[in-house]
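These are the residues of each chain, in order.
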Amino acid sequence: MHASAHTDTFARDNLPPVCEWPDILLDGFDYPERLNAAYELTDAMVEKGFGDHTALIGNGRTRTYKELTDWTNRLAHALVDDLGLKPGNRVLIRSANNPAMVACWLAATKAGAVVVNTMPMLRAAELTKYVDKAQITHAICDTRLMSEMTACAKDSAVLQTVVGFDGTANHDAELDRLALTKPVKFNAVQTAADDVALVGFTSGSTGNPKATLHFHRDLMIIADGYAREVLNVVPDDVFIGSPPLAFTFGLGGLAIFPLRFGATATLLETATPPNMIEIIETYKATVCFTAPTAYRAMLQAMDEGADLSSLRAAVSAGETLPGPVYDEWQEKTGKPMLDGIGATEMLHIFISNRFEDHKPSCTGKPVAGYEAKVIGEDGAELPRGEVGRLALRGPTGCRYMFGERQSEYVQDGWNISGDAFSQDEEGYFHFAARNDDMIVSSGYNIAGPEVEAALLSHEAVAECAVIGVADEERGSIVQAHVVLTDGHEGSTEMVNSLQDHVKATIAPFKYPRSMKFTAALPKTESGKIQRFRLRGS
């Protein structure tokens, strides 16, 4: 590895041992030893002549590349000069999707920080898990979301600095006011290409968040690989989508990809299908990232007159793309829907369909730079057509902080994604199922044990078990099987009470949309709940 620019060496110190990394295949991805991803997406783009191009649109705010560069430089000065940020410090950003959040992420990255982007729906208890695990020293929070952040910081021995920014167009918050006094030039920290730039948290099926560590070069690789090869991004493109920037899928699709190629990103805090349709029609958006659930709603809107003809690329990920949605989109638009699969551990999409090479109920072929195969329990590659574990390797790969469960995800140099696939005789990959009990609902990953813990904190719940059940609109929904304590009845009022309790305890999207009351849960002789029997009930 190259010499680090971090003075706070926590992130590099807690990478897994190099011998436990997957094989990293960097052929075709050549970067200099010193590389700062945020500089490449702002200052470098101005130097290439994109200064007057629109970079970001959202919340009544439009920023050109020159304006974004100047503003992120001012913010970086404020973080370093006034808030004591040091290269390598971990910085948590809490915000919905808006231009100000992107600017804060870029500024912190320019200053050499290791950024942890988080969803606005997370509660203090969930934020605390991130702060404690990543030893986060600074938090940058949209002032409209400050209450849970303040509650998290109140009892934290690690989180020393919390500063608010204005996610609207008003520039009326502490960080904005500090930045307004700063120069528009900032010498971005000369981070190493393999310095950690980003921590992506993934809950896994246990609800205990694991932290994945991504380098500055990784942020460039997903743009120079998938976005260049599959999407063919050009400066005239306008991006729209629903995934939170806190997800690596959203950060890539709605920030890194457009900014890498001089294109425009439109950002919505509430990315409902009607809101996305309005943006597509207003700004003639050309590339859309969202889940099949939203595309289904868009198809219905097209029947009512919505004009989505400007879209040249509809990328589907986050949940399985049903064949009928793919077929109907192709029929109504004359363009393919690009199904793909990625993982937080790998940063972004690694298998995808292409514009000129696609078929229904198929995830496609590996993105440039990646290799994939289907293996059995013994690690040997299976014959074509057989379902097994998906294994892959390429220019990005899994690196869990502390090496936590690294040997489970990385085996013999290959990343084992946790998905069951088959590969046909022509080399196309087909999704079969998740290998664990993760519930994927409308593109959100929900860990059953976390929902169970929230339910069990309600006085009326004696026991519970959470599973995912199929749902036509959302792919899957959370279903809770609940045993009530004496004196409580399974009424509609009780359902509402438990749902409200979960929403108030953890991120609201995790609440059980279906609830069944039962006298007892099926268990093994040792007392372990048999969730597979609930799935068949």
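For the structure, see preceding data.
Below, the structure is looked at part by part.

The rules we used
- Residues numbered from 1 in each chain as written.
- Predicted model: local features only at pLDDT ≥ 70, side-chain atom pairs only at ≥ 80, totals over all residues.
- Heavy atoms only, no water.
- Axes fitted to C-alpha atoms, helices over the stretch in contact; angles between N-to-C directions.
- Helix = DSSP H or I, 4+ residues; strand = E, 2+ residues; numbered from the N terminus.
- Left-handed = near helix turned anticlockwise from the far one by under 90°.
- Contact = heavy atoms within 4.5 Å.
- Nonpolar A, V, L, I, M, F, W, Y, C, P; charged D, E, K, R; others polar.
- Buried < 20%, exposed > 50% of the residue type's maximum accessible area, 1.4 Å probe, protein only.
- Lys, Arg positive; Asp, Glu negative; His and termini not counted.
- Salt bridge = Lys/Arg side-chain N within 4 Å of Asp/Glu carboxyl O.
- Polar contact = N/O pair within 3.5 Å; in protein donor to acceptor, adjacent residues only side chain to side chain.
- Core = buried A, V, L, I, M, F, W, Y, C linked by side-chain atoms within 4.5 Å.
- Pairing = 2+ DSSP bridges.

**Looking at the packing of helix 12 (residues 292-303) against helix 13 (residues 323-333)**
The contact between helix 12 and helix 13 brings their axes to 10 Å, and the two run at 35 degrees. Once helix 12 is placed against helix 13, the crossing between them reads as left-handed. Contacts between helix 12 and helix 13 involve Tyr295, Arg296, Met298, Leu299, Met302 and Asp303 on the former and, on the latter, Val325, Glu328, Trp329, Lys332 and Thr333. Here the contact of helix 12 with helix 13 is composed, by residue class, of 6 nonpolar, 1 polar and 4 charged.

**Digging into the side chain of Arg389**
Considering the arrangement of structural elements, one finds Arg389 in strand 17 (residues 388-393). Look at Arg389: it is buried, it has no salt bridge, and the nearest opposite charge is Glu377 at 4.3 Å. Among the polar contacts made by the side chain of Arg389, one reaches the main-chain carbonyl oxygen of Gly376 at a distance of 3.4 Å.

**Examining the nonpolar core**
One finds Trp105, Leu175, Leu231 and Phe257 to be the most contacted residues of the largest nonpolar core, which totals 87 residues. Counting residues per element, this core draws most heavily on helix 5 (residues 99-110), at 9 residues. Setting aside anything within four residues of it in sequence, one finds Leu175 in contact with Leu75, Ala78, Leu79, Leu83, Cys104, Ile140, Val163, Gly164 and Phe165. Formed by 52 residues, the second largest nonpolar core is a distinct cluster that contains Val116, Leu122, Ile136 and Ala139.

**Observations regarding the pairing of strand 16 (residues 371-375)**
When you tally the buried positions in strand 16, you get 4 out of 5 residues, the bulk of the element. Bridge analysis of strand 16 against strand 17 gives 5 bridges, and the strand direction is antiparallel. Looking at strand 17, one finds that Val374 is bridged to Leu390.

**Here we look at the sheet that holds strand 23 (residues 461-471)**
Pairing in this open sheet of 3 strands is mixed, and the strands run 23-24-25 from one edge to the other. The open sheet has two free edges, formed respectively by strand 23 and strand 25 (514-517), since each of these has just one partner strand. Along the sheet, successive strands turn relative to each other by an average axial angle of 25 degrees, direction set aside. Strand direction decides the pairing type here: strand 23 and strand 24 (residues 475-484), joined by 10 bridges, are antiparallel. Note on strand 24: the bridge partner recorded for Ile467 is Gln479.

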